Amino acid sequence: MKIVKNIKCLQEIVFQIKKKKQSIGFIPTMGSLHAGHLSLIEAAASENDFTICSIYINPTQFNDKNDFNTYPRSYETDIELLKSLDCDLVFLPNDKEMYPSNKSIVNYNFTFCMNILEGEKRPGHFSGVINIVNTLFNLTRPSRAYFGEKDYQQLWIIKSFVKNFQLPIKIRSCPTIRDSTGLALSSRNDNLNKEEKVQAIHLFKTLQNFKLNLESKSPKGGIIDLKKNSIDFFTKNSLIKLDYIEIIDEENFSFVTRIKKNIKYRILIAAHVGRTRLIDNIPIG
Ligand code: PAF
């Protein structure tokens, strides 16, 4: 596996691959790799001639300095892990390479979706994500790029970015990977202590209860009641602070209060568990 830190070197390798008309599969990450990332790498390796993974903790997508400072970092372990996989190149740029000047930062706001839920709670977050994803796409020129469904709103916005700006890249998504308790794998889980890990399972449990109720033939109340029950439950739990629980239509990301047959929906949840903010989602319909 090639380890590349420099843009010029990456561009030269990408140029040679493109010259041979080979396809590139790209997985952008912020490191602290877990089984969720590994599933993306496996998917990329199975569909492309050359697999590139990037590890870069992008400062412009953090609206909270403390969140940026405490984001888990484990470069050496990550590289060892990638070496054991079907990854051909890992790109490890630094801030100067990614943002040569303040002028390289664009304020993206091409869909309402950037300003609701995660976008509302973390102002500027999605513009920061698009800034870095766009730069990485330009550098790696992938045929296909891979994202996890755990960051469902991010995935939706990236798909809409590629569509709106007509980028010749296919966006592939892979399902969320969970541990044996149901907790969605996330690099941020590294910041949870034992007790918080136990409490964090309530995010998935709440999603599952919501889904079971909505899909049952005799639901105990509608979406509004279910949301109220979840809010009540989390209010009683001193370790978890619920940020939101919402159901959206996957097609247009609109909030719904009633579900219809043959339409795909997602239940999205975000909560602070101790000092760590977690998000999760599951499909319905
Ligand atoms: O999902 C992530 O890890 C990040 O938001 C991404 C896509 C690598 C951009 O920094």
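Whatever comes next refers back to the structure up there.
Residues numbered from 1 in each chain as written. Predicted model: local features only at pLDDT ≥ 70, side-chain atom pairs only at ≥ 80, totals over all residues. Heavy atoms only, no water.

A. Seen up close, the overall build of the chain. The helix and strand tally for the chain stands at 10 helices and 9 strands. Radius of gyration (C-alpha) of the chain: 19 Å, near the 19 Å computed for a compact globule of 285 residues. Dimensions of the chain, computed from the C-alpha atoms along their principal axes, are close to 60 × 40 × 35 Å. Put simply, the chain has 285 residues, and 52% of those count as buried. Sequence-distant contacts, at least 24 apart, represent 73% of the contacts inside the chain between residues at least 6 apart. About 14800 Å² of surface is accessible on the chain, with carbon and sulfur atoms providing 50% of the total. The centroid of the 40 positive side-chain charges in the chain is displaced by 4 Å from the centroid of its 30 negative side-chain charges. (Helix = DSSP H or I, 4+ residues; strand = E, 2+ residues; numbered from the N terminus. Rg over C-alpha atoms; globule rule 2.2 N^0.38 Å. Buried < 20%, exposed > 50% of the residue type's maximum accessible area, 1.4 Å probe, protein only. Contact = heavy atoms within 4.5 Å. Areas by Shrake-Rupley, 256 points an atom, 1.4 Å probe, with all protein chains shown as cover. Lys, Arg positive; Asp, Glu negative; His and termini not counted. Charge placed at Lys NZ, Arg CZ, Asp CG, Glu CD.)

B. Looking closely at the sheet that holds strand β9 (residues 276-284). Here we have 3 strands laid out as an open sheet, ordered β7-β8-β9, and antiparallel in their pairing. What marks the edges here is a single partner per strand, and that holds for β7 (240-249) and β9. With strand direction ignored, the average angle separating the axes of adjacent strands in the sheet is 15°. Against the sheet, helix α9 (residues 194-215) engages β7, β8 (265-273) and β9, with an angle of about 25° to β9. Along the sheet face, helix α10 (residues 223-236) touches β7 and β8 and points at about 165° away from the line of β7. (Pairing = 2+ DSSP bridges. Axes fitted to C-alpha atoms, helices over the stretch in contact; angles between N-to-C directions.)

C. Region of the structure containing the site of the ligand. P28, T29, M30, N58, Q61, I132, F147, D151 and Q154 make up every residue found near the ligand. Here Q61 contributes a side-chain N or O atom positioned 2.6 Å from an oxygen atom of the ligand. Starting from 280 Å² of accessible surface for the ligand in isolation, the protein chains cover 89%. (Near = heavy atom within 4 Å. Polar contact = N/O pair within 3.5 Å; in protein donor to acceptor, adjacent residues only side chain to side chain.)

D. Region of interest: the side chain of T111. Tracing the sequence through the fold places T111 in the loop between α5 (95-98) and α6 (118-121). For T111, a relative accessible area of 10% corresponds to the buried category. Those residues in contact with T111 that lie beyond four places of it in its chain are W156 and S160.

E. Representation of the nonpolar core in the model. Counting residues in each nonpolar core, the largest one holds 45 residues, and the members touching the most others are F91, M98, F137, I171 and F253. Per-element tally for this core: the top contributor is helix α7 (residues 125-140), with 8 residues. With residues up to four places along the chain from it excluded, the contact list for F137 reads F26, P142, A145, F147, V162, L167, I169 and I171. F210, L226, I245 and I282 belong to the second-largest nonpolar core, a separate cluster that totals 24 residues. (Core = buried A, V, L, I, M, F, W, Y, C linked by side-chain atoms within 4.5 Å.)

F. Molecular detail of the sheet that holds strand β5 (residues 144-148). As summarised here, the arrangement of the 6 strands in space is β1-β4-β3-β2-β5-β6, forming an open sheet in which the pairing is parallel. Each having just a single partner strand, β1 (2-4) and β6 (170-174) make up the two edges of the open sheet. Along the sheet, successive strands turn relative to each other by an average axial angle of 25°, direction set aside. When β5 meets β6, the two strands line up parallel, connected through 5 bridges. Of the residues in β6, the one forming a bridge with G148 is C174.

G. The arrangement of the environment of D280 in detail. Among the secondary structure elements, D280 is positioned in strand β9. The class of D280 is buried, set by a relative accessible area of 4%. Not counting the four nearest positions on each side in its chain, D280 is found in contact with R178, A184, L203, F204, L207, I267, L268 and I269. Among the polar contacts made by the side chain of D280, one reaches the side chain of R178 at a distance of 2.8 Å.

H. Region of the structure containing the pairing of β9. The element β9 is extensively covered by neighbouring structure, given that 8 of its 9 residues are classed as buried. Here β8 pairs with β9 via 9 bridges, running antiparallel. Looking at β9, one finds that I269 is bridged to D280. Between the end of β8 and the start of β9, which pair antiparallel, lie 2 residues, with G274 showing a positive phi angle near 60°.

I. Structural detail: the pattern of salt bridges. Applying the stated criterion to the full structure yields 14 salt bridges. The salt bridge partner of R277 is E118, with a shortest N-O separation of 2.7 Å. Linking R277 in strand β9 with E118 in helix α6, this pair joins segments that are 159 residues apart in sequence. E118 carries the same exposure label as R277, and that label is buried. E250 serves as the salt-bridge partner of R266, at 2.7 Å between the closest nitrogen and oxygen. Highlighted residues: R266 in strand β8 and E250 in the loop between β7 and β8, separated in sequence by 16 residues. The pair R266 / E250 is uniform in exposure class, with both members buried. (Salt bridge = Lys/Arg side-chain N within 4 Å of Asp/Glu carboxyl O.)

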